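Descriptive analysis of the structure
Here is what each chain is made of, one letter per residue.
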Amino acid sequence: MRQPVRVFLTGFFSITLLLVGNVSAQQTGILSGEILDASNSEPLPGANIYWENDVSTGVVADLEGKFQIKAVSLPARLVVSYIGYEKSIRTITQNDLTKPLRFFLKPEEMSLDEIIIMERRPDEQVKNLETGKSTIPMETIRNIPALFGEVDLLRSLQLLPGVKSAGEGTTGLFVRGGSNDQNLIQIDGAPVYNASHFFGFFSVFNPDALDQVELYKGNMPASFGGRLSSLIDVSLKEGNNEQIHGEGGIGTISSRLTINGPLFSDKSTFVVSGRRTYADVFLKLSSDEDLQNNKLNFHDLSGKFSFLLGEKDKLTFSTYQGSDFLGLDESFGLGWTNWVSSAQWNRNISDNAFFDLQAYHSKYNYRVEFDDPDNGFEWKNKLSETGVKGQWTLLRGESLQTYWGFHSQYYHFAPIELVPASNSNISPISTNPKNGILNNLFAGMTYEISPRLSTEAGLRWGFYNQVGQGVDYLYSTETPESSDYITDSIEYNTLENIKFYQGLEPRIAFRYLINDQFSIKTAYNRNFQYVQIASNSSAGLPIDRWILAGTYVPPIRADQVSVGLFHNFDENRWEFSFEGYYKDFRNIIDLKNGANVLFNDNVETEILAGNGWAYGAEFLLRKNIGKTTGWLAYTWSRTWRKIEGISEGQAYNPRYDRPNDVTLVLNHEFSPSWSAGLTFVYTTGQAVSFPIGTYVADNQVLPLYSDLRNEDRYPNYHRMDASVTWKNADKGRKWRGSWNFSIYNLYGRKNPFAYEFRTIYNDNINYDQETDGPIVSSEPGIVMTYLFTFLPSITYNFQF
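**Some words on the overall build of the protein**
Counting secondary structure elements, the protein contains seven helices and 50 strands. Here the C-alpha atoms of the protein give a radius of gyration of 28 Å, agreeing with the 28 Å that 2.2 N^0.38 yields for 800 residues. Over its C-alpha atoms, taken along the principal directions, the protein stretches across nearly 95 × 70 × 50 Å. Per-residue burial over the protein gives 52% buried out of 800 residues. The contacts in the protein between residues at least 6 apart in sequence include a share of 65% that link residues at least 24 apart. One finds the centroid of the 70 positive side-chain charges in the protein at a distance of 8 Å from the centroid of its 91 negative side-chain charges.

Structure representation (structure tokens):
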């Protein structure tokens, strides 16, 4: 293994030195700068920059509003334009090439016919190289009708093609046949291990604190890895450098506040954001004394601090802390917390060379307490990931961009501990810790082969070590079937190697431009994942058991091939796309029937590994400009698993396999003050196992299940939501407010959340012998639970 590593490193650093050495050889006739919003100094990604007499050589500003354009014969007039803003024209001289320029664009007054919801160039979906990438502008997310009036990022992403939910009201995401733990969700580059509040009903993202979100479900850049199915890249908002601004809202169950502005000078900015629910405040007003003592709340705190250290350097610090707590009458408590922090240094080495360095730490923990004299206990666990990532980017002319770098990660999964209370009958439990080190090297490029044909290629190489401190068990059987077969154990010291894996992850994509409004794209990518959840819950729970790759659990691998057709029409007012994909999974795990993983130190005895595959077709029709905007999406897809020892070795569907999925999102502006939103969702019911009969044990009638897994279905799910918003349209006011009225599940559809199979007495599902008298009849029955029908809410939002 050493020889291939040596060859790779030698070649990698030789190319690096060659490219860096050529930086000084690049032509100096390059004009660089950034495009900013004059009202708040925020960048305008996707702005168009071109010479007045040579439009064909134009460029587009990047996500930070920065650009570089080859100089023509100077002096010359440069045009900067952005949809919804006044055009800027400036005469450029030779002296302007010595330092980056700033262009401040003023928002222009628009008629209702010109309302735009894009945060990118109009023809981007046709001309870029990205397949399987989706974005939703933050303004659109705010206009989508929401559960309890709480605007939610992850629930909005569920409305895109290829993305499915776990069930009624939840924020879990299942992307192109992948499970919920196969999504890399990150805030400013730092991963979030539990992205939900209230058991999945809300996500951890306060919309007021966010700048943008990008969803990659296809060809992920080589600079990212660690998950099989998707990357959800969330960026916190940066403050403006001119004056203090604020925004917030008071809703049905929570309130939020965000403040941003200059910190010490116009070279430093800050954003601080907070959100808290007050459900527990309402509980104290209840006439029921049991409810008065209950607690139910969550909160979010986030901050971002940016510093310009000169013309070439920028330093940014980001942090997020969120916590949930559920308490029942002082006897039971469940709480969980995320704490994510990151620091990033961006340096412009030259006009066409850049360096980015990032360090982060992400920690997640939960605690369960039960106060009982005989069976009381405290159950707790925590896990963390610490990482460092460096990336160099080199622009070699207008047609070639290269990047390369490294990403090192350290995983620490602490022991799961169950500590009995004094005089408790419960025995203490403590598992062994798990640790892993993952080092990655990556490199990639985008190259314009011709005006019509472009390619993007990348390679990521991961080197993973499971390391001590920890314990590995030895079994008498070839595979770890049960803890009864343990023959010995091996203890490892801190950072001592236990198991090594390595894997190459190639990515390549092509785009062929048929004309300015029609393109064909295809892509292939491979991903490895070294951390995953062992759970029989598809929705995701705070106490889910995360496990690392090790001696008996190899990393999972996915290979995906996708092809797409992309077409814009009516002057880019409308977008249409079709994408088809096939994904192959290797070493995918699932739980045995009746598995127990929560307190098990031998998780490998409760899981089985095999293969899987998924395929599908995604259609999207989107309108971006006009009084009415929104999209219609349809996805047809199938997901399969085949694991020896599960479902008699036959292929079966996981719970989140839902062949048909339709979503409709509409927003309409009636006037500058009044607008309305409507969403409709229809999807096939999730795959489940219903009983095939009953049997008697200990004088109880219990359901009997087939050995075949998930052969049944819940009824098809459908729901419509609606909202109306009134806002103060006077932009000159220092305080601007708006009211949002939302209705979740407009026509009151009773979508099943769960089914319970039990004995029904006297044809009464709520039978109580003390109040309903003696038992006259009994028979097996089914009780359906649903969560929400017609659910109105109101929210007041404000800006100052």
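**Topic: empty space enclosed by the protein**
Taken as a whole and assessed by the stated rule, the structure comprises eight cavities of 30 Å³ or more. Computed from the structure, the largest cavity encloses a volume of approximately 340 Å³. As for the largest cavity, its lining consists of 25 residues, of which Lys 434, Arg 545, Ile 547, Leu 548 and Val 603 are closest to the centre. Counting only elements with at least two residues in the lining of the largest cavity, the list comes to strand S24 (377-396), strand S30 (470-475) and strand S35 (545-548).

**Some words on the sheet that holds strand S12 (residues 190-191)**
An order of S8-S15-S16-S11-S12 is seen for the five strands of this open sheet, with the pairing classed as mixed. Across the chains shown, the open sheet's two edge strands, defined by having one partner strand only, are strand S8 (133-135) and S12. Bridge count between S8 and strand S15 (residues 210-216): three bridges; the pairing is antiparallel. Bridged to Thr 135 within S15 is Glu 214.

**Looking at the nonpolar core**
Grouped together as the largest cluster of nonpolar side chains are 45 residues, with contacts concentrated most on Leu 153, Leu 154, Leu 157, Phe 205, Ile 232 and Trp 631. For this core, the secondary-structure elements that each account for two or more residues are helix H3 (138-143), helix H4 (153-157), strand S10 (173-175), strand S11 (183-187), S15, strand S16 (230-236) and strand S39 (628-642). Trp 379, Phe 413, Leu 418 and Tyr 464 belong to the second-largest nonpolar core, a separate cluster that totals 23 residues.

**Describing the side chain of Ser 196**
Locating Ser 196 in the fold gives a position in strand S13 (residues 196-197). Judged by its relative accessible area of 11%, Ser 196 is buried. A distance of 2.9 Å separates polar atoms of two side chains, one belonging to Ser 196 and the other to Asn 194. Those residues within four positions of Ser 196 in sequence are excluded, and the remaining contacts are Thr 171, Phe 202, Ser 203, Val 204, Asp 324 and Trp 336.

**Focus: the sheet that holds strand S1 (residues 30-37)**
Here we have three strands laid out as an open sheet, ordered S4-S1-S7, and mixed in their pairing. In this open sheet, the two edge strands, each paired with only one partner strand, are strand S4 (66-70) and strand S7 (101-105). The mean angle between the axes of side-by-side strands here comes to 30°, regardless of whether they run parallel or antiparallel. Relative to S4, S1 is paired through five bridges, and the arrangement is antiparallel. Bridge pairing in S4 places Glu 34 opposite Lys 66.

**Quick word on the pattern of salt bridges**
In total, this model carries 26 salt bridges according to the counting rule given. With a shortest N-O distance of 3.2 Å, Lys 133 and Glu 130 are connected by a salt bridge. Residue class for Lys 133 comes out partly exposed when judged on its relative accessible area of 21%. Given the relative accessible area of 22%, Glu 130 is considered partly exposed.

**Thoughts on unusual backbone geometry**
Cis geometry is adopted by the peptide bond preceding Pro 75, which originates at Leu 74 and carries an omega value of 0°. With respect to the helices and strands, the residue Pro 75 is situated in the loop between S4 and strand S5 (76-81). Following Gly 468, the chain continues to Gln 469 via a peptide bond in cis, the omega torsion being 15°. With respect to the secondary-structure elements, Gln 469 resides in the loop between strand S29 (453-467) and S30. The phi dihedral of Glu 571 falls on the positive side, at around 55°, and the residue is not glycine. Tracing the backbone through its elements, the reader meets Glu 571 in the loop between strand S36 (556-569) and strand S37 (574-591). Overall, the relative accessible area of 61% leaves Glu 571 in the exposed class.

**Section: the pairing of S37**
As paired elements, S36 and S37 share 13 bridges and run antiparallel to each other. Looking at the pairing, Phe 566 lines up with Ser 577 of S37. With antiparallel pairing between neighbouring strands as the criterion, S36 and S37 make up a hairpin whose turn holds four residues, including Asp 570 at a positive phi of roughly 55°. With 17 bridges joining them, S37 and strand S38 (residues 607-623) adopt antiparallel strand pairing. Counted as the bridge partner of Tyr 581 is Gly 616 from S38.

**Digging into a nonpolar patch on the surface**
On the surface, a cluster of nonpolar side chains totalling about 570 Å² of accessible area is made up of Phe 670, Trp 674, Val 724, Trp 739, Phe 741 and Ile 794. One can find Ile 794 in strand S50 (residues 791-799).

**Digging into the confidence of the model for the protein**
Low pLDDT means the predicted coordinates in that region are not meant to be read closely. Of all residues in the protein, 93% have pLDDT values of 70 or greater, and the mean over the chain is 86. Low pLDDT (under 50) marks residues 1-28, which in the prediction has 29 contacts with non-local residues, meaning those over four places away or in another chain. Across residues 110-117, where pLDDT falls below 50, the model places 26 contacts with residues more than four positions away in sequence or in other chains.

**Section: the pairing of strand S28 (residues 434-448)**
Pairing of strand S25 (residues 400-413) with S28 involves 14 bridges; the strand directions are antiparallel. In the sheet register, Gln 401 faces S28, and the bridge partner there is Thr 446. Note: S28 against S29, 14 bridges, orientation antiparallel. Bridge pairing in S29 links Leu 438 to Tyr 464. The antiparallel hairpin formed by S28 and S29 contains four residues in its connecting segment.

**Considering the environment of Pro 542**
Looking at where Pro 542 falls in the secondary structure, it is placed in the loop between strand S34 (531-534) and S35. Since its relative accessible area comes to 5%, Pro 542 is described here as buried. The spatial distance from the C-alpha of Pro 542 to the C-alpha of Thr 93 is 60 Å, given a sequence separation of 449 residues. Aside from chain neighbours lying at most four places away, what touches Pro 542 is Asn 194, Phe 199, Trp 336, Tyr 364 and Tyr 366.

**Focus: the side chain of Glu 456**
Structurally, Glu 456 is set in strand S29. In this structure, Glu 456 is buried with no salt-bridge partner, the nearest side chain bearing the opposite charge being Arg 507 at 8.4 Å. Among residues more than four places away in sequence, those in contact with Glu 456 are Leu 129, Asn 219, Met 445, Thr 446, Arg 507, Ile 508 and Ala 509.

Criteria and thresholds
Residues numbered from 1 in each chain as written. Predicted model: local features only at pLDDT ≥ 70, side-chain atom pairs only at ≥ 80, totals over all residues. Heavy atoms only, no water. Helix = DSSP H or I, 4+ residues; strand = E, 2+ residues; numbered from the N terminus. Rg over C-alpha atoms; globule rule 2.2 N^0.38 Å. Buried < 20%, exposed > 50% of the residue type's maximum accessible area, 1.4 Å probe, protein only. Contact = heavy atoms within 4.5 Å. Lys, Arg positive; Asp, Glu negative; His and termini not counted. Charge placed at Lys NZ, Arg CZ, Asp CG, Glu CD. 1 Å grid on protein atoms, 1.4 Å probe; cavity = no way out; pocket = protein on both sides within 12 Å on 5 of 7 lines; lining within 4 Å. Points joined across faces, edges and corners; volume = space filled by probe spheres on them. Pairing = 2+ DSSP bridges. Core = buried A, V, L, I, M, F, W, Y, C linked by side-chain atoms within 4.5 Å. Polar contact = N/O pair within 3.5 Å; in protein donor to acceptor, adjacent residues only side chain to side chain. Axes fitted to C-alpha atoms, helices over the stretch in contact; angles between N-to-C directions. Salt bridge = Lys/Arg side-chain N within 4 Å of Asp/Glu carboxyl O. Patch = residues over 30% accessible without salt bridge, like charges linked within 9 Å, V, L, I, M, F, W, Y side chains within 5 Å. Areas by Shrake-Rupley, 256 points an atom, 1.4 Å probe, with all protein chains shown as cover. pLDDT = per-residue confidence, 0-100.

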